[in-house]
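Commentary on secondary and tertiary structure
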Amino acid sequence: MIKPPDYLIYESAFRGNILPVTSLCNVSCMFCSHRHNPPGIQIYKTGPRSLEEVAQTLQFISPEDKIVIGESVTRIVEGEPFTHPLIRQILLMIREHFPGTRIQITTNGTLIDAETADFLAGLGDVELYLSLNSSNPAVRRRLMNDSMAEQAVGSARCLADAGVPFHGSIVAMPHIIGWEDLGETVCCLAEYGSETIRVFLPGFTKNTPENLKFKPEMHEELAAYIASVRARAAVPVTVEPPVIKNLEAVVTGIISGSPADKAGLLRDDILLSVDGTRCFSRVHAFNRIREGGPVKVEIQRNGHTFGADIKKKQGQASGIVMDYDIAPETAAAVESMAARHKRLKLMCSVLGEAVLGMALEKSPQRGVIDIIPVDNLFFGGSIAAAGLLTVADFVAAAQSVRIDSGRDVLIVPAVAFDVRGKDLTGRSCLELEEKIGAKVEIL
């Protein structure tokens with residue numbers, strides 16, 4: 001176990017309001033994102049952190065945003081929070097310091113029984129993200145090597161009985177266990193009152209055993225299957241990453257009892273404008289509604305257009321669930337760079353290529369912007385997220401196209417680098433200009 005440097009702990013708190021407590025996990029998932037990493041990646045693990053260490057990190061936590069436990073935005077491996085022997089003391093300490101702040105905990109559910117659920121309910125304003133993956137104990141044991149699969153499957157009922165709000169998540173493995181279990185698990189989570197359900201496309205690297213790999217078409221097949229399941233589940237169900245065909249602000253789902261639900265919004269509504277401002281994308285519409293107080297939205301439904309008033313407080317969640325596409329600020333930043341330079345080579349992930357193309361399609365600067373999708377050669381396999389690209393990947397992509405060092409400026413995504421400008425292998429973004437022979441900027 002390589003202990004993370006302090007700056008990563010504080011970066012987690014500052015960037016994501018994330019409180020790292022432990023990297024230890026009590027299951028061994030066949031789809032775990034850390035199992036088949038190639039050598040050379042710089043990731044860190046921490047054992048159960050002391051109360052003193054956690055208290056010190058709380059100084060970097062904002063009371064204005066929910067406090068997140070069990071997730072990661074840095075190279076610290078996330079673990080199962082409830083394996084920490086002092087997790088209750090930690091949660092009580094958080095509540096003492098932040099009496100009015102929501103606490104979000106991601107858990108695999110193995111250690112959630114009725115008594116634990118009651119404890120969480122007593123803390124007040126706690127929500128869980130439950131990584132169930134299968135509602136069938138035998139299947140869960142197979143997928144996750146979980147010796148406590150029965151209790152984990154029962155955790156959703158315990159949370160529901162205690163009145164603790166939760167969201168379900170499932171890593172889709174239909175190529176291993178078939179499609180039926182996926183549909184049954186979605187419906188099971190919906191039956192127990194999960195507010196939303198996220199279905200994740202698994203990823204595999206070049207080091208993953210062949211029996212765990214899947215064909216490229218599975219992403220589209222998964223999106224189509226979940227679209228059919230939504231009719232059976234009375235809660236919003238999303239696929240991550242989403243399959244984006246356009247930038248229309250289509251509603252994926254509405255949380256029951258939410259302001260949007262009370263306003264009459266429905267799944268598949270298209271939001272045309274928010275308070276009179278035309279919606280550029282799903283992200284644009286979602287953020288405009290989230291940041292505002294009461295808002296008026298213009299909706300298109302079944303070919304008809306009408307208005308609706310969403311009555312909510314400033315910053316209150318509306319209950320609208322939408323797929324993630326692109327923020328208008330990202331497109332505006334690219335256009336601004338294009339206006340300052342003669343020609344841009346815009347490097348992006350394979351997943352981001354189509355969305356960037358749609359966002360910039362009508363831009364007056366489009367003629368000087370070349371969008372270059374970057375294959376992830378370091379991880380290989382199906383890995384396609386921008387945050388997992390390395391310096392070597394950007395160099396290889398640049399060498400595959402014609403670069404005019406006097407005219408071209410290469411734009412690379414900032415998400416691939418940490419606060420020190422280092423990629424996952426420890427190489428600096430400063431190497432790019434030297435290796436590529438052209439000016440490089442980070443977006």
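Overview of the structure. Source: prediction; values computed, not measured. (Residues numbered from 1 in each chain as written. Predicted model: local features only at pLDDT ≥ 70, side-chain atom pairs only at ≥ 80, totals over all residues. Heavy atoms only, no water.)

1. Some words on the overall build of the protein
Tallying secondary structure elements over the protein gives 15 helices and 17 strands in all. Compactness check: the protein gives a C-alpha radius of gyration of 22 Å against a globular reference of 22 Å for 443 residues, within 12% of the reference. Overall, the C-alpha framework of the protein stretches about 65 × 55 × 45 Å when taken along its three principal axes. Per-residue burial over the protein gives 52% buried out of 443 residues. When contacts within the protein are restricted to residue pairs at least 6 apart in sequence, long-range pairs at least 24 apart make up 71% of them. Carbon together with sulfur atoms contributes 51% to the accessible area of the protein, which is approximately 20000 Å² in total. For the protein, the separation between the mean place of its 45 positive charges and that of its 53 negative charges on side chains is 4 Å. (Helix = DSSP H or I, 4+ residues; strand = E, 2+ residues; numbered from the N terminus. Rg over C-alpha atoms; globule rule 2.2 N^0.38 Å. Buried < 20%, exposed > 50% of the residue type's maximum accessible area, 1.4 Å probe, protein only. Contact = heavy atoms within 4.5 Å. Areas by Shrake-Rupley, 256 points an atom, 1.4 Å probe, with all protein chains shown as cover. Lys, Arg positive; Asp, Glu negative; His and termini not counted. Charge placed at Lys NZ, Arg CZ, Asp CG, Glu CD.)

2. Regarding the sheet that holds strand 6 (residues 237–240)
The six strands lie next to each other as 1-2-3-4-5-6, forming an open sheet whose pairing is parallel. Every interior strand has two partners, whereas the edge strands, strand 1 (67–69) and strand 6, have only one. In this sheet, adjacent strand axes meet at a mean angle of 20 degrees when their direction is disregarded. Where strand 3 (residues 126–131) and strand 4 (residues 166–171) come together, four bridges link them in parallel fashion. Looking at strand 4, one finds that Leu130 is bridged to Gly168. The strands that helix 3 (residues 87–97) touches are strand 1, strand 2 (103–107) and strand 3; relative to strand 2, the one it contacts most, it runs at about 160 degrees. (Pairing = 2+ DSSP bridges. Axes fitted to C-alpha atoms, helices over the stretch in contact; angles between N-to-C directions.)

3. Remarks on empty space enclosed by the protein
Going through the model one piece at a time under the given rule, you end up with two cavities of 30 Å³ or more. Considered as a void within the structure, the largest cavity measures approximately 110 Å³ in volume. For the lining of the largest cavity, a count of residues per class yields eight nonpolar, eight polar and two charged. Its volume calculated, the second largest cavity comes out at about 40 Å³. Around the second largest cavity sit Asn133, Ile170, Val171, Ala172, Met173, Pro174, Ile177, Gly178, Asp181 and Leu182, which together line it. Residue assignment for the lining of the second largest cavity shows that the elements contributing at least two residues are strand 4, helix 7 (174–177) and helix 8 (179–191). In the lining of the second largest cavity, the residues fall into seven nonpolar, two polar and one charged. (1 Å grid on protein atoms, 1.4 Å probe; cavity = no way out; pocket = protein on both sides within 12 Å on 5 of 7 lines; lining within 4 Å. Points joined across faces, edges and corners; volume = space filled by probe spheres on them. Nonpolar A, V, L, I, M, F, W, Y, C, P; charged D, E, K, R; others polar.)

4. Quick word on helix 3
Side chains of residues three or four places apart in an α-helix project in the same direction, reflecting 3.6 residues per turn. For helix 3, every residue scored as buried is listed here: Ile87, Ile90, Leu91, Met93, Ile94 and Arg95. In the core, the buried residues of helix 3 are packed alongside helix 2 (51–57), strand 1, strand 2, helix 4 (114–123) and strand 3.

5. Some thoughts on the packing of helix 5 (residues 137–144) against helix 6 (residues 149–162)
Helix packing for two helices is described by the angle between their axes and how far apart those axes are. One way to put it is that helix 5 packs onto helix 6 with a least axis distance of 8 Å and a crossing angle of 115 degrees. Classified by the angle between their axes, helix 5 and helix 6 sit roughly perpendicular to one another. The handedness of the crossing between helix 5 and helix 6 comes out as right-handed. Two secondary-structure elements touch here, helix 5 through Pro137, Arg140 and Arg141 and helix 6 through Ala149, Glu150, Ala152 and Val153. For the contact of helix 5 with helix 6, the residue count by class is four nonpolar, no polar and three charged. (Parallel < 35°, antiparallel > 145°, perpendicular 65-115°, else oblique. Left-handed = near helix turned anticlockwise from the far one by under 90°.)

6. Here we look at the sheet that holds strand 15 (residues 369–374)
The strand order across the open sheet formed by four strands is 15-14-16-17, and the pairing between neighbours is parallel. The two strands at the open ends of the sheet, each matched to only one other strand, are strand 15 and strand 17 (439–442). Adjacent strand axes in the sheet meet at a mean angle of 25 degrees, parallel and antiparallel pairs treated alike. As paired elements, strand 16 (residues 408–412) and strand 17 share four bridges and run parallel to each other. Directly across from Val412, in strand 17, lies its bridge partner Ile442. Its contacts with the sheet put helix 12 (residues 328–340) on strand 14 (343–349), strand 15, strand 16 and strand 17, and the angle it makes with strand 14 is roughly 150 degrees. Lying over the sheet, helix 14 (residues 391–399) contacts strand 14, strand 15 and strand 16, oriented at roughly 125 degrees with respect to strand 15.

7. Structural notes on the side chain of Thr74
Tracing the backbone shows Thr74 in the loop between strand 1 and helix 3. For Thr74, a relative accessible area of 16% gives the class buried. A polar atom in the side chain of Thr74 sits 3.2 Å from the side chain of Ser12. Filtering out sequence-adjacent residues up to four positions away, Thr74 remains in contact with Leu8, Glu11, Ser12 and Arg15. (Polar contact = N/O pair within 3.5 Å; in protein donor to acceptor, adjacent residues only side chain to side chain.)

8. Quick word on helix 13 (residues 353–360)
All of the buried residues in helix 13 are Val355, Leu356, Ala359 and Leu360. For helix 13, the arc enclosing every buried residue in end-on projection is 120 degrees, short of the 170-degree limit, so these residues lie on one face. Buried residues belonging to helix 13 abut helix 12, strand 14 and strand 15. (Arc of directions from axis to C-beta.)

9. Details of unusual backbone geometry
Cis rather than trans, the peptide bond between Glu240 and Pro241 has omega equal to -5 degrees. Its location among the elements puts Pro241 in the loop between strand 6 and strand 7 (249–250). Its identity is not glycine, yet Asn133 carries a phi of approximately 70 degrees, on the positive side. With respect to the helices and strands, Asn133 occurs in the loop between strand 3 and helix 5. Residue Asp275 is not a glycine yet carries a positive backbone phi of 50 degrees. Summarising the element assignment, Asp275 is placed in the loop between strand 9 (270–274) and strand 10 (277–278).

Functional significance is not addressed by these values, which are geometric in nature.
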